[in-house]
Structure formats: C-alpha cells, structure tokens
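What follows is the residue order along each chain.
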Amino acid sequence: MKAVGYLQSLPIDHPESLVDLNLPAPTPGPLDLLVRVSAVSVNPVDTKVRLNRAPQGAQPEVLGWDAVGTVEALGRDVAGFAVGDRVYYAGGINRPGSNAELQVVDHRIAARAPQSLSDAEAAALPLTAITAWELLFDRFGVAEGGGAGESLLVIGAAGGVGSILVQLARELTQLRVIGTASRPETQAWVKELGANVVIDHSQPFRPQLVAAGVAEVELVASLTHTEQHWDAIIDAAAPQGRVGLIDDLSGPIDVMTLKRKALSLHWEMMFTRPLFGTADIAEQGRLLARVAALVDAGRLRTTVSEQFSPINAANLRRAHALVESGRMRGKVVLSGF
C-alpha cells in the first residue's frame, strides 16, 4: 500500500523529512476496523511527533491522527459497523497513522462520518472535536445546557481546537464565549464561528475584557503558548475558576500562582483513552457520533481552511510547514491517494 512516513527526525524543509513509501497492508485485530483512507488532516501533534519520536531501527514511522475512509474488513469482536461504512476517527498515538491507504483503528473510537460533508471536510474534525468536547464537558465538567452566567475564555480560538470549542460552547451551553485572535482575518473567523467577544492575545487581557463588560472568567481554555500567557490567565480568572491546557509547554509555569484564587488546573489529552484502554474508551466513538449529528443538523461546521491533493510526501511537507508556522486558521486537509 502507498504510505507517507519518515526514517529520521528532520526539519520540515528537508526533502527526506517525509517520504513516499510502499508498505505491507495491516491486518485488523479483534476490535479493529480496517479502513481504506480517503482523506486526512494535519494537527500540531503530527509535527511534534515527527521532530521528537525517532523511528526504531529501519521501520519507518507513519503519522496521521485524523482520517475519513471506508471500512474494508472487521475484527471478530467488532459491533455496530459493517463493511462499506464511511467512518471518521482520530486513531491512537501508539499505532501506525492515517497517512496510508489502509489503516487499522479500534472501532470504539470511530463513528460514521457526517453525511453532509465531503471526505476532506469531515477529516478536519475528529481530533479537534474530541479534544474540545473532552475539555469542555469532561475536564471542566460543564453540563450540556449549563454554564448560565459564566464565561469561557478560549486562548488561540482560531486554531483547530479553538474553532470547534467556540462552536460547541455556543451551541450546547449557555456560556459567554470569549475568543482570542491577533490578526484581522483570524478575529473575523472567530466571530463567524459564534464567539460573543473577541480579544487580541498579543495585548494585555484585562483591559480588553473590562472594555467588553467581563470582570473575570470562570473557565480558561489555554490552547497555545500557555507559558507566555500564564500571568494574564491568572489575572483574568475568577476565584475558584478552572484552567484547562492542551499544549506542550516550552517553558515552566508557576502552579503556585493558582493557589491564592484556588484555581484548578486541568490537562486534556485526547489520546489518553485509547492509549490506556480506559473503561470509558467508547465515549470517543459516541461523542464523534454526536458531533456528526450536530454537523448534519447544521449546528456545527467544518473548520477546513486549506486543502491539498493527493496525499503524498510533497503535500504533507507543505501541510506540516503550514502547521509549524503557528499562523493556521482552522485546519489543513489532504485527500486522495
């Protein structure tokens, strides 16, 4: 089968940072779907793994944690799926990725793809939707339909996760949603997605929040450059508020600064359930099914901003470079082998 991977960790401008490969087709395990991949997207985790996880021996690493495709075979213990189903998922960080014509994935973390979206449009959603959903409902503990009288500050709201989190919070809760973005085009994007207020994260938070009539925020979702914004987060957070993080910190943060306001800190890692095979692993499949239904009902929209075809090393290098630039609006997707 065709695939794209790497044999050594290299900067993305190196021609061998990602290379075209021909690999044996995988065999599904008892709980797996064998999926013929039709579209993928690239997330920051793809670039981080490429730079920090060296392949073992001569075995290439195949990245990719978002996919849409068609089920070709089922493991013996799979329930709820059939050959020919069109599915979407984010996979597991400890298994070969979606940048290949065929992939095996645990059926409990997959769902049927939104019928109203193309393969490319649907491929933008799984990883970011899982991350945003788990952060909002599982880590922060907001109830669907709840949050009245409270505010959610989303730092980096124009990125992949932020673009979904803003929509979920507006559609499924009563939270006042405040997004941050630093450029006119990304600020317009966040407003379009439904944020009640948009502020500039390159400027001090507090004066902008006060000007918008927000004295303090009960929930802070810091999705990027947390260490740079840490003092502003502490300043803006309401006493007994909740702070959620998803990014890999490039420097230390002082957790003692949380103590005076009794702020709680919550990490979100969407790979945790599949990585550890947690008892509630099937929640990821269920929430992806909910997201698909919301999309098909017109309540959520895809977040594609760039699209390349076909899925090959040259186009994946382009996509990785875009993600590494730190200036992405929404998601970059690739389709077709």
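The model shown is predicted, which means the values in this text are computed figures rather than measured ones.

*Asks:* Would you mind going over the overall build of the protein chain in detail, with residue names and values included?
*Replies:* Across its full length, the protein chain carries ten helices and 15 strands. A compact globule built from 337 residues would reach a C-alpha radius of gyration of about 20 Å, and the protein chain, at 20 Å, matches this within 12%. For the protein chain, the proportion of its 337 residues judged to be buried stands at 55%. Total accessible area on the protein chain is roughly 13,800 Å²; 51% of this is exposed by carbon and sulfur atoms. Here the protein chain contributes 30 positive and 36 negative side-chain charges, whose respective centroids are spaced 2 Å apart.

*Asks:* Account for the packing of helix α3 (residues 126–139) against helix α4 (residues 160–172), with residues named and values stated.
*Replies:* Direction vectors running N to C along α3 and α4 enclose 50°, while the axes themselves pass 8 Å from each other. As far as their axial angle goes, α4 and α3 are oblique. With respect to the hand of their crossing, α3 and α4 are arranged in right-handed fashion. Touching Thr128, Ala129, Thr131, Ala132, Trp133, Leu135, Leu136 and Phe137 of α3 are Gly160, Val161, Ile164, Leu165, Leu168, Ala169 and Leu172, all from α4. Of the residues that constitute the contact of α3 with α4, the class distribution is twelve nonpolar, three polar and no charged.

*Asks:* Residues and numbers for the side chain of Arg273, please.
*Replies:* Mapped onto the secondary structure, Arg273 falls in helix α8 (residues 272–276). In contact with Arg273, not counting residues within four places along its chain, are Glu134, Asp138, Thr278, Asp280, Ile281, Glu283 and Gln284.

*Asks:* Provide a residue-level description of the nonpolar core, including the pertinent values.
*Replies:* In summary, soluble globular proteins display a tendency toward joint burial of nonpolar side chains. Judged by nonpolar contacts, the single largest core of 84 residues is most densely connected at Leu33, Tyr88, Leu136 and Leu152. Element by element, the count of residues in this core is highest for α3, at eight residues. In terms of nonpolar packing, the next biggest core, distinct from the first, is built from 20 residues, Ile178, Ile199, Phe205 and Val214 among them.

*Asks:* Just give me the short version of the packing of aromatic side chains, but keep the residues and values in it.
*Replies:* Given two aromatic rings, one states the distance between the centres and the angle between the planes to describe the pair. One pass over the structure, following the stated rule, counts two aromatic pairs. With a centroid separation of 6.0 Å and an interplanar angle of 70°, the aromatic rings of Trp65 and Phe271 are classed as edge-to-face. Pair noted here: Trp65 is in the loop between α1 (44–52) and β4 (67–74) and Phe271 is in the loop between β13 (264–267) and α8, with a separation of 206 residues, a long-range link. Exposure remark for Trp65: the relative accessible area of 1% places this residue in the buried category. A residue is classified by how much of its surface remains accessible, and Phe271, at 4% relative accessible area, is buried. Positioned over the ring face of Phe308 is Arg318, at 3.8 Å from the centre of the ring.

*Asks:* So, the pairing of strand β12 (residues 237–245): which residues are in play, and what are the values?
*Replies:* Examined bridge by bridge, strand β11 (residues 217–222) and β12 share five bridges and lie parallel to one another. By the bridge assignment, Ser222 is partnered in β12 with Leu245. In this fold, the crossover linking β11 to β12 by way of helix α7 (residues 226–236) has right-handed handedness. Bridge analysis of β12 against β13 gives four bridges, and the strand direction is parallel. Each bridged residue has a counterpart across the sheet, and for Gly244 the counterpart in β13 is His266.

*Asks:* Run through the packing of α1 against helix α10 (residues 313–324), naming residues and quoting values.
*Replies:* A pair of packed helices is captured by two measures, namely the crossing angle of their axes and the spacing between those axes. At a minimum axis distance of 9 Å, the contact between α1 and α10 shows a crossing angle of 105°. Taken together, the axes of α1 and α10 are roughly perpendicular relative to one another. The residues of α10 that touch α1, namely those facing Pro44, Asp46, Thr47, Arg50 and Leu51, are His320, Val323 and Glu324.

*Asks:* Go over the sheet that holds β12 with me, naming the residues and quoting the values.
*Replies:* Taken together, the six strands give an open sheet; going across it, the order is β10-β9-β8-β11-β12-β13, and neighbouring strands pair in parallel fashion. The open sheet has two edge strands with one neighbour each: β10 (197–199) and β13. Between one strand axis and the next, the sheet turns through 20° on average, direction left out of account.

*Asks:* Describe unusual backbone geometry, listing the residues and the values that go with them.
*Replies:* Here the residue pair Ser309 and Pro310 is connected by a cis peptide bond, since its omega of 5° sits within 30 degrees of zero. Of note, Pro310 is situated in the loop between β14 (304–308) and α10. Its identity as a non-glycine residue notwithstanding, His225 has a phi of 50°, on the positive side. Relative to the helices and strands, His225 is located in the loop between β11 and α7. In this structure His225 comes out as partly exposed when scored by relative accessible area, which is 41%. A positive phi angle, close to 55°, is found at Ala262, a residue other than glycine. Among the secondary structure elements, Ala262 is positioned in the loop between β12 and β13.

About the thresholds
Residues numbered from 1 in each chain as written. Predicted model: local features only at pLDDT ≥ 70, side-chain atom pairs only at ≥ 80, totals over all residues. Heavy atoms only, no water. Helix = DSSP H or I, 4+ residues; strand = E, 2+ residues; numbered from the N terminus. Rg over C-alpha atoms; globule rule 2.2 N^0.38 Å. Buried < 20%, exposed > 50% of the residue type's maximum accessible area, 1.4 Å probe, protein only. Areas by Shrake-Rupley, 256 points an atom, 1.4 Å probe, with all protein chains shown as cover. Lys, Arg positive; Asp, Glu negative; His and termini not counted. Charge placed at Lys NZ, Arg CZ, Asp CG, Glu CD. Axes fitted to C-alpha atoms, helices over the stretch in contact; angles between N-to-C directions. Parallel < 35°, antiparallel > 145°, perpendicular 65-115°, else oblique. Left-handed = near helix turned anticlockwise from the far one by under 90°. Contact = heavy atoms within 4.5 Å. Nonpolar A, V, L, I, M, F, W, Y, C, P; charged D, E, K, R; others polar. Core = buried A, V, L, I, M, F, W, Y, C linked by side-chain atoms within 4.5 Å. Phe/Tyr/Trp six-rings, centres within 6.5 Å; stacked < 30°, edge-to-face > 60°. Lys NZ or Arg CZ within 6 Å of the ring centre and 35° of its normal. Pairing = 2+ DSSP bridges. Right-handed = clockwise from strand over helix to strand, strands pointing away.

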